[in-house]
Amino acid sequence: MTDDALAYVKQRGLGALAEKMGIEMLEFTLERAVARMPVEGNTQPADLLHGGAYVVLGESLGSMSANLWAGENRLAVGIEINATHTRSATSGYVTGVCTPIHLGRTLTTHEIAVTDDQGRRCSTIRITNLIKDR
């Protein structure tokens, strides 16, 4: 499945919320998942990217990555997520790069670094998923 993982995700989709937010998966392997999201349409009243939008991008990447690791007859579900926002994106796109911290039999933890178009880190997200049988 990992050879065709990106094609599978693009065919399956990332879910209704991710689609509404314009999230696009660019790379998808067990070692690294990359997606981008437009700032426009995802801002708060001060015209900054909404903090929750960063979290949606991070959870989309982390949960999809955990499910790739879990395999066909298992399901990964998020049990904890946190985010630290260090810069505000105001235009263009943000890009999330998701890498595993821990890949276990029942738990996974991923870190998602989100940067703006200039490569400056805007948010760091960490998500833990529980893997269970379907």
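Residues numbered from 1 in each chain as written. Predicted model: local features only at pLDDT ≥ 70, side-chain atom pairs only at ≥ 80, totals over all residues. Heavy atoms only, no water.

J.: Could you clarify how one ought to interpret the nonpolar core in this entry?
T.: Across soluble globular proteins, you tend to see nonpolar side chains buried next to one another. Ile23 and Val94 are the most contacted members of the largest nonpolar core, which totals 28 residues. Secondary-structure elements contributing two or more residues to this core are α1 (5-12), β1 (24-28), β2 (33-38), α3 (51-70), β4 (93-103), β5 (107-115) and β6 (121-133). Beyond its immediate chain neighbours, meaning those up to four positions away, Val94 contacts Ala35, Arg36, Met37, Val39, Leu49, Tyr54, Leu57, Ala89, Val114, Thr115 and Asp116. (Core = buried A, V, L, I, M, F, W, Y, C linked by side-chain atoms within 4.5 Å. Buried < 20%, exposed > 50% of the residue type's maximum accessible area, 1.4 Å probe, protein only. Helix = DSSP H or I, 4+ residues; strand = E, 2+ residues; numbered from the N terminus. Contact = heavy atoms within 4.5 Å.)

J.: What is the right way to look at the layout of surface pockets in this model?
T.: To find the voids left in a structure, one rolls a probe of water-molecule size over its atoms. Estimates place the volume of the largest pocket at around 360 Å³. Elements supplying a minimum of two residues to the lining of the largest pocket: α1, α3 and β3 (74-85). (1 Å grid on protein atoms, 1.4 Å probe; cavity = no way out; pocket = protein on both sides within 12 Å on 5 of 7 lines; lining within 4 Å. Points joined across faces, edges and corners; volume = space filled by probe spheres on them.)

J.: Would you explain the pairing of β5 in this entry?
T.: Residues in a regular strand point their side chains to alternate faces of the sheet. Taken together, the eight bridges between β4 and β5 define a ladder with antiparallel strand orientation. Residue pairing for β5: His102 is matched across the bridge by Thr109. From the end of β4 to the start of β5, which pair antiparallel, there are three residues. Bridging between β5 and β6 involves nine bridges; their strand directions are antiparallel. Note on β6: the bridge partner recorded for Ala113 is Thr124. Count of turn residues in the β5/β6 antiparallel hairpin: five residues, of which Gly119 carries a positive phi of about 80 degrees. (Pairing = 2+ DSSP bridges.)

J.: Mind showing me how you'd approach the sheet that holds β6 here?
T.: To summarise the sheet geometry, strands pair through backbone hydrogen bonds and adopt either a parallel or an antiparallel arrangement. Sheet architecture is open: six strands sit in the order β1-β2-β4-β5-β6-β3, paired in antiparallel fashion. Two strands close off the open sheet at either side, each with one partner strand: β1 and β3. Averaged over all neighbouring strand pairs, the angle between strand axes comes to 25 degrees, with direction disregarded. Across 11 bridges, the pairing between β3 and β6 is antiparallel. If you follow Arg74 over to β6, its bridge partner there is Asp133. (Axes fitted to C-alpha atoms, helices over the stretch in contact; angles between N-to-C directions.)

J.: What is the right way to read α3 from this model?
T.: Because the α-helix completes a turn every 3.6 residues, residues three or four places apart line up on one side. Over its 20 residues, α3 runs 28 Å from end to end, which matches the ideal 28 Å to within 8%, given 1.5 Å per residue. A positive phi of about 95 degrees marks Gly71, the residue just after α3. (Expected span 1.5 Å × (residues − 1).)

J.: Which parts of the structure should I look at to understand unusual backbone geometry?
T.: Backbone phi values are negative for most residues with the exception of glycine, while trans is the configuration of most peptide bonds. With a phi angle near 65 degrees, Asp47 is a residue other than glycine that sits in the positive phi range. Looking at the secondary structure, you find Asp47 in the loop between β2 and α3.

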